[in-house]
Amino acid sequence: MLILNNVTKHYDDVVVLKDFSLFVEKGKIYSLLGPSGCGKTTMLRLITELEKPDQGKIELKGQRVSYIFQEPRLLPWETVRKNLELVCPKKERQKIDELLELMELKEYEGAYPKELSGGMKQRVSIMRAFLHPHEILLMDEPFQALDLKLKAILMKEIYNLHQSIKNTILFVTHDLDEALLLGDEIFVLSPKPASVVKKFSVSTPQMERKSEDMQFIKEELIKLLNHAPI
Ligand SMILES: Nc1ncnc2c1ncn2[C@@H]1O[C@H](COP(=O)(O)OP(=O)(O)OP(=O)(O)O)[C@@H](O)[C@H]1O
């Protein structure tokens, strides 16, 4: 469980979050859908404790946090394998080989980040986030720079990994289709200062979601977002 209780955060005279509250249950995927600049990244930074709220409280209850950023952020002077080993406890290193196989990057384990394409680097950073011991995974628009095919593959892989370790995922995006494909719960955020405008639960399992089944929620989301263009 993760609770944000009436959190307020401002930078100089800009109020980014005001009385922001969120209740997150263990083991679910939450899509947080909100317009650009509404304060999504700020909220994630507060959860990682990189920043402190001005008011309110964030309760992590001892859970560890892992993070997938918008861009890969790998250590450029280390190989793919070393980038992964650095976050992975020694006794769990066999997982690195399993993941390299799964992500079809085994033959690149000795390569340096500059030798990889953007999509390959983002795959390594996804592996790294899953190898880092955690209960809560924060994903900050991780598919932004990727083409549609790779995005679909990675979303499926992230879902499969989530199913195997049952982590809690907070997935921040401004892409309606991404939010609908991955979330068990979808929270629509207002423009800055962000607040939760509406919540939707999606009961259809992720791998069985077809666009026609999602049409109703999609139309509702579009109506809400039309008041806050994304
Ligand atoms: N360190 C900072 N100092 C000053 N202002 C900041 C800082 N970090 C964020 N902001 C401001 O806070 C607001 C929210 O930024 P944030 O990055 O949290 O939004 P976001 O919803 O993640 O945006 P995007 O979808 O474009 O990534 C923006 O107006 C931004 O300029």
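Each remark here, short or long, concerns the structure printed above.
Residues numbered from 1 in each chain as written. Predicted model: local features only at pLDDT ≥ 70, side-chain atom pairs only at ≥ 80, totals over all residues. Heavy atoms only, no water.

A. How the structure looks around the pairing of strand E3 (residues 29-33). Burial runs high along E3: five of the five residues are buried. Here E3 shows two buried faces, one formed by Ile29, Ser31 and Leu33 and the other by Tyr30 and Leu32. The pairing of E3 with strand E7 (residues 168-173) spans five bridges and is classified as parallel. Of the residues in E7, the one forming a bridge with isoleucine 29 is isoleucine 169. One ladder, built from four bridges, connects E3 with strand E8 (residues 185-189); its direction is parallel. By the bridge assignment, serine 31 is partnered in E8 with isoleucine 186. (Buried < 20%, exposed > 50% of the residue type's maximum accessible area, 1.4 Å probe, protein only. Helix = DSSP H or I, 4+ residues; strand = E, 2+ residues; numbered from the N terminus. Pairing = 2+ DSSP bridges.)

B. Spatial organisation of the packing of aromatic side chains. Summed over all chains, the structure comprises three aromatic pairs. With 5.6 Å between their ring centres and 75° between their planes, tyrosine 30 and phenylalanine 187 make a pair best called edge-to-face. With tyrosine 30 in strand E3 and phenylalanine 187 in strand E8, this pair connects stretches of sequence that are 157 residues apart. Here tyrosine 30 falls in the buried class, since its relative accessible area comes to 3%. A cation over an aromatic ring shows up here: arginine 73 above the ring of phenylalanine 69, its NZ or CZ 3.9 Å from the ring centre. (Phe/Tyr/Trp six-rings, centres within 6.5 Å; stacked < 30°, edge-to-face > 60°. Lys NZ or Arg CZ within 6 Å of the ring centre and 35° of its normal.)

C. Molecular detail of the site of the ligand. Every one of the 13 residues lining the ligand counts as a neighbour, but Ser36, Gly37, Thr41, Thr42 and Lys192 are closest to it. Between the ligand and threonine 41, the relevant distance is 2.7 Å, taken from an oxygen atom to a side-chain nitrogen or oxygen of the residue. Within the side chain of threonine 42, one N or O atom sits 2.6 Å away from an oxygen atom of the ligand. Protein contact buries 61% of the 640 Å² of open area that the ligand shows by itself. Broken down by element, the shell around the ligand gets its largest block of residues, three residues, from helix H1 (residues 40-47). For the shell around the ligand, the residue count by class is four nonpolar, six polar and three charged. (Near = heavy atom within 4 Å. Polar contact = N/O pair within 3.5 Å; in protein donor to acceptor, adjacent residues only side chain to side chain. Areas by Shrake-Rupley, 256 points an atom, 1.4 Å probe, with all protein chains shown as cover. Nonpolar A, V, L, I, M, F, W, Y, C, P; charged D, E, K, R; others polar.)

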